[in-house]
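# Remarks on the overall topology
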Amino acid sequence: MTQVEAAPIAYRPTRPPGRSVRRSPSGFGLGVGFVTIYLSLIVLIPLGAVVARSNSQGLSGLWHQITQPDALSSLRLTVAVSALVSVVNAFMGTLIAWTLVRDRFPGQRVIDALIDLPFALPTIVAGLVLLALYGPTSAIHLRLAYTRPAVVIALLFVTLPFVVRSVQPVLMELDQEMEEAAKSLGAGSFTTFRRVVLPNLIPAILAGTALSFARAISEFGSTVLISGNIPNKTEVAAVHIYSQIQSDNVSGAAALSTLLLLIALVVLAAFTFIQRWAIRRG
Amino acid sequence: MGISVRGVTKRFGEFVALDDVSLDIPSGALTALLGPSGGGKSTLLRIIAGLESPDSGVVEIAGTDATTLPPQRRNVGFVFQHYAAFKHMTVFKNVAFGLEIRKRPKDEVRKKVKELLELVHIEKFADRLPSELSGGQRQRMALARALAVEPEVLLLDEPFGALDAQVRKELRAWLRRLHDEVHVTTVFVTHDQEEAMEVADTIAIISAGRLEQVGTPDDLYDHPANDFVMTFLGPVTTLSGDLVRPHDLELRAVPDAETTEATVVRVMRLGFEVRVELVCAGQDLWAQTTRENADRLDLQAGRTVHVARTTSATGAPDPQPQGAGTQTAR
């Protein structure tokens, strides 16, 4: 009996202090080299080419192209709608993830599977579906096609999974005893959510929101049919770029592309920064 | 009165976790709920805390009916086996949580948290995150966090279960000393009889959803109510069909009216203790004896000895119909 007692029972290794884990130097160079080459071929070189193309007429040419009223208007619309959609996703995505993880209801698995549908569907098909629903022959007599709300709906549709799918696993892993501890310490449901659950979800919510913003500003397929592409009104940036190419203004297309690229980079960097800050602050 | 549980029943689907359990836990005492895993003791503790609600029965805390109160209104401190640390908060913030919820002034919170961290000896780690502490330190933090709100009762669910043996032993002794200082009514769940015997004033034995016996550690060891309690609290062996403790068996060289003849199968010398395996009328049994006795009888495999129960031997009474009603801890 004493021998059994001496053995460590249910020993749980604890993580060493500090949050960064240093990898061994061997294999480091090879891995980094490979990743760099891959990313260069797949991402950096094409992006560089776009930037170079947009700069072919010099900085003033670039400025001229992106300050065209049509271009500016499409950019403003895209950024504003994407921001709106991202905020809605941050709330609704968290709520949907919560419902899927914490509640039990009939048809739950079906709904869980449906969340991924906007990922699986070609976005042009999504556009087609939305056009059928909200178009001139709308079955529900709701004619939203060719308006700005239609753009919002199309973008909400295609960006639905991002926050849900990033919050869901975190919520599943979350130690529910933390919530029980908070309650036994006197916290009501709302306080428990705000002070214990939410801080643990924030990094995942931010990551999902950033992805949905990035996806929204670049969306083409789902908006091209339902928005009607009315310049200065419902034309989004990606569609504007396409129409510039169609009208043989390649450098204009490249200029706007570069600007979109820049916005995406700044937003993703900002989110990463906020995320780090939120984690550090606790 | 500390805690009074009356006629509590709890089912999870078909499984009966607690079957009409009644138990009085006196104020200021340190009580252990002891029993095998899955026996219902954690469920009882969670019902007292309000983390589960009973299907029927009543829970009173400090004289008030708490059966329908939510956990946040019961003023209990709860300590979980896996610490349930708020992993996004520093140690200081963890301990301060209950006080901040109660909107105590900042100065008071800071002072109280500092005192508690000193009480549990982790004052140097106030600014660390829980993930930067060892298991034992995390559990002490959880205890400080539960004590911060000055709870009516302190409930601990297998508090040392996730720790390794050495730390567990230290924390046990430390919990006993802490209780002697703080005097809060404390109930802790354990499946380790040694832990319960060492730490608790009173032990309640729970198995298969029923309360088997309540009493002081000595009471239970010396006067077990039934074979289950006797088996659970210490080593047992069988002599002529009766359960008996191996250290209550006497080995003699000369037979008499009280003895039974047995053959030695194996002798194990474990330091101070000598463990003797025997066969008696085709049945295995074992006895604990001292080195001195073993040498005097020249015990070795194949030798015939005569086994008797010592006069002070512990035994469980023969099974009898169980009496209903509340068992009260003394």
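Residues numbered from 1 in each chain as written. Chains lettered and ligands numbered in written order. Predicted model: local features only at pLDDT ≥ 70, side-chain atom pairs only at ≥ 80, totals over all residues. Heavy atoms only, no water.

Along the backbone of chain A there are 13 helices and zero strands. Start at the N end of chain A and walk to the C end: the helices and strands fall as α-α-α-α-α-α-α-α-α-α-α-α-α. Of all 282 residues assigned to chain A, the portion counted as buried reaches 38%. Put simply, of all contacts in chain A between residues at least 6 apart along the chain, 74% involve residues at least 24 apart. Total accessible area computed for chain A in this model is approximately 16,200 Å², and 68% of it derives from carbon and sulfur atoms. (Helix = DSSP H or I, 4+ residues; strand = E, 2+ residues; numbered from the N terminus. Buried < 20%, exposed > 50% of the residue type's maximum accessible area, 1.4 Å probe, protein only. Contact = heavy atoms within 4.5 Å. Areas by Shrake-Rupley, 256 points an atom, 1.4 Å probe, with all protein chains shown as cover.)

Attention now moves to the overall build of chain B. Helix and strand counts for chain B stand at nine helices and 18 strands. Reported as C-alpha extents along the three principal axes, the dimensions of chain B are approximately 80 × 45 × 35 Å. Counting over 330 residues, chain B shows a buried share of 53%. By sequence separation, contacts in chain B at least 24 residues apart represent 64% of the contacts at least 6 residues apart. Across chain B, the 38 positively charged side chains and the 47 negatively charged ones have centroids separated by 8 Å. (Lys, Arg positive; Asp, Glu negative; His and termini not counted. Charge placed at Lys NZ, Arg CZ, Asp CG, Glu CD.)

Turning our attention to the confidence of the model for chain A. Regions with low pLDDT should not have their predicted coordinates read in detail. Residues at a pLDDT of 70 or more form 89% of chain A, whose mean pLDDT is 84. Below pLDDT 50 for its whole length, residues 1-21 of chain A participates in 29 contacts with residues either more than four positions away or in separate chains. (pLDDT = per-residue confidence, 0-100.)

In this section: the sheet that holds strand S8 (residues 185-190) of chain B. Remark on secondary structure: sheet strands pair via backbone hydrogen bonds, oriented parallel or antiparallel. All names here are of chain B. As summarised here, the arrangement of the six strands in space is S6-S7-S8-S3-S9-S10, forming an open sheet in which the pairing is mixed. For this open sheet the edge positions go to strand S6 (76-79) and strand S10 (210-215), each flanked by a neighbour on one side alone. In this sheet, adjacent strand axes meet at a mean angle of 15° when their direction is disregarded. Direction of pairing for strand S3 (residues 30-34) relative to strand S9 (residues 202-207): parallel, over a ladder of four bridges. (Pairing = 2+ DSSP bridges. Axes fitted to C-alpha atoms, helices over the stretch in contact; angles between N-to-C directions.)

Residues and elements named next belong to chain B. If you check helix H5 (residues 165-182), its first and last C-alpha atoms are 25 Å apart, about what 18 residues at 1.5 Å a residue would give, namely 26 Å. Here H5 has its buried residues at Ala-165, Arg-168, Leu-171, Arg-172, Trp-174, Leu-175, Leu-178 and His-179. At the C-terminal side of H5, His-183 shows a positive phi close to 65°. (Expected span 1.5 Å × (residues − 1).)

Time to look at the environment of B:Pro317. Residue and element names in this part refer to chain B. Note on placement: Pro-317 falls in the loop between strand S17 (304-309) and strand S18 (327-328). For Pro-317, a relative accessible area of 40% puts it in the partly exposed group. With 211 residues separating them along the chain, Pro-317 and Lys-106 place their C-alpha atoms 59 Å apart. When near neighbours in sequence (up to four residues on either side) are disregarded, Pro-317 contacts Pro-224 and Ala-225.

Let us look at helix H4 (residues 69-102) of chain A. The first and last C-alpha atoms of H4(A) sit 49 Å apart over 34 residues, in line with the 50 Å expected at 1.5 Å per residue. Residue A:Asn89 marks the point of greatest curvature in H4(A), where the axis turns by about 25°. (Bend = angle between axes of the 7 residues up to and from the residue.)

Here we come to the pairing of S9(B). Residues and elements named next belong to chain B. In terms of burial, S9 is largely enclosed, as six of its six residues are buried. Here S9 shows two buried faces, one formed by Thr-202, Ala-204 and Ile-206 and the other by Ile-203, Ile-205 and Ser-207. Sheet topology note: the S9/S10 ladder contains five bridges and is antiparallel. Considered in S10, the bridge of Ile-206 is made with Leu-211.

Here chain B averages 89 in pLDDT, and 96% of its residues register 70 or above. Note on residues 321-330 of chain B: pLDDT is under 50 here. Beyond four places in sequence and across chains, it has 19 contacts.

Bringing the packing of helix H3 (residues 106-119) of chain B against helix H4 (residues 135-148) of chain B into the picture now. The relative placement of two packed helices comes down to the angle between their axes together with the axis-to-axis distance. Residues and elements named next belong to chain B. At a minimum axis separation of 9 Å, H3 and H4 run at an interaxial angle of 140°. Taken together, H3 and H4 sit at an angle that is classed as oblique. Considering how the two elements wind past one another, H3 and H4 form a crossing that is right-handed. Mapping the contact onto sequence places Lys-112, Leu-116 and Leu-119 in H3 and Ala-144, Leu-147 and Ala-148 in H4. Partitioning the contact of H3 with H4 into residue classes produces five nonpolar, no polar and one charged. (Parallel < 35°, antiparallel > 145°, perpendicular 65-115°, else oblique. Left-handed = near helix turned anticlockwise from the far one by under 90°. Nonpolar A, V, L, I, M, F, W, Y, C, P; charged D, E, K, R; others polar.)

This part is about the packing of aromatic side chains. We describe a pair of aromatic rings using the distance from one ring centre to the other and the angle between the two ring planes. Under the definition given, this model contains six aromatic pairs over all chains. Ring geometry for A:Phe119 against A:Phe162: centres 5.2 Å apart, planes inclined by 80°, an arrangement best described as edge-to-face. In this pair, A:Phe119 sits in helix H6 (residues 117-120) while A:Phe162 sits in helix H8 (residues 148-173), placing the two residues 43 residues apart along the sequence. Judged by its relative accessible area of 43%, A:Phe119 is partly exposed. Here A:Phe162 falls in the buried class, since its relative accessible area comes to 12%. Taken together, a centroid distance of 5.3 Å and an interplanar angle of 70° make the contact between A:Phe220 and A:Tyr242 edge-to-face. A residue pair is termed long-range when its members are at least 10 positions apart, and A:Phe220 in the loop between helix H10 (189-217) and helix H11 (221-226) and A:Tyr242 in helix H12 (residues 237-246) qualify at 22 residues. We classify A:Phe220 as partly exposed; its relative accessible area is 29%. Seen from the ring of B:Phe86, B:Arg145 lies directly overhead, with NZ or CZ sitting 4.4 Å from the centre. One cation-aromatic arrangement involves B:Arg245 over B:Tyr221; the distance from NZ or CZ to the ring centre is 4.2 Å. (Phe/Tyr/Trp six-rings, centres within 6.5 Å; stacked < 30°, edge-to-face > 60°. Lys NZ or Arg CZ within 6 Å of the ring centre and 35° of its normal.)

Moving on: a nonpolar patch on the surface. On the surface, A:Phe34, A:Val35, A:Ile37, A:Tyr38, A:Leu39, A:Leu41, A:Ile42, A:Val43, A:Leu44, A:Ile45 and A:Leu47 cluster together into a nonpolar patch covering about 1,100 Å² of accessible area. With respect to the helices, strands and loops of the structure, A:Ile42 is situated in helix H2 (residues 28-54). (Patch = residues over 30% accessible without salt bridge, like charges linked within 9 Å, V, L, I, M, F, W, Y side chains within 5 Å. Salt bridge = Lys/Arg side-chain N within 4 Å of Asp/Glu carboxyl O.)

The next subject is the nonpolar core. Across soluble globular proteins, you tend to see nonpolar side chains buried next to one another. Counting 54 residues, the largest nonpolar core has B:Ile3, B:Leu23, B:Leu33, B:Leu44, B:Phe86, B:Phe97 and B:Leu155 as the members making the most contacts within it. Setting aside its immediate chain neighbours within four residues, B:Phe97 contacts A:Ala182, A:Leu185, A:Ala187, A:Arg195, A:Val196, B:Phe86 and B:Met89. In this structure, B:Ala126, B:Leu133, B:Tyr221 and B:Phe232 belong to the second largest nonpolar core, which totals 47 residues. (Core = buried A, V, L, I, M, F, W, Y, C linked by side-chain atoms within 4.5 Å.)

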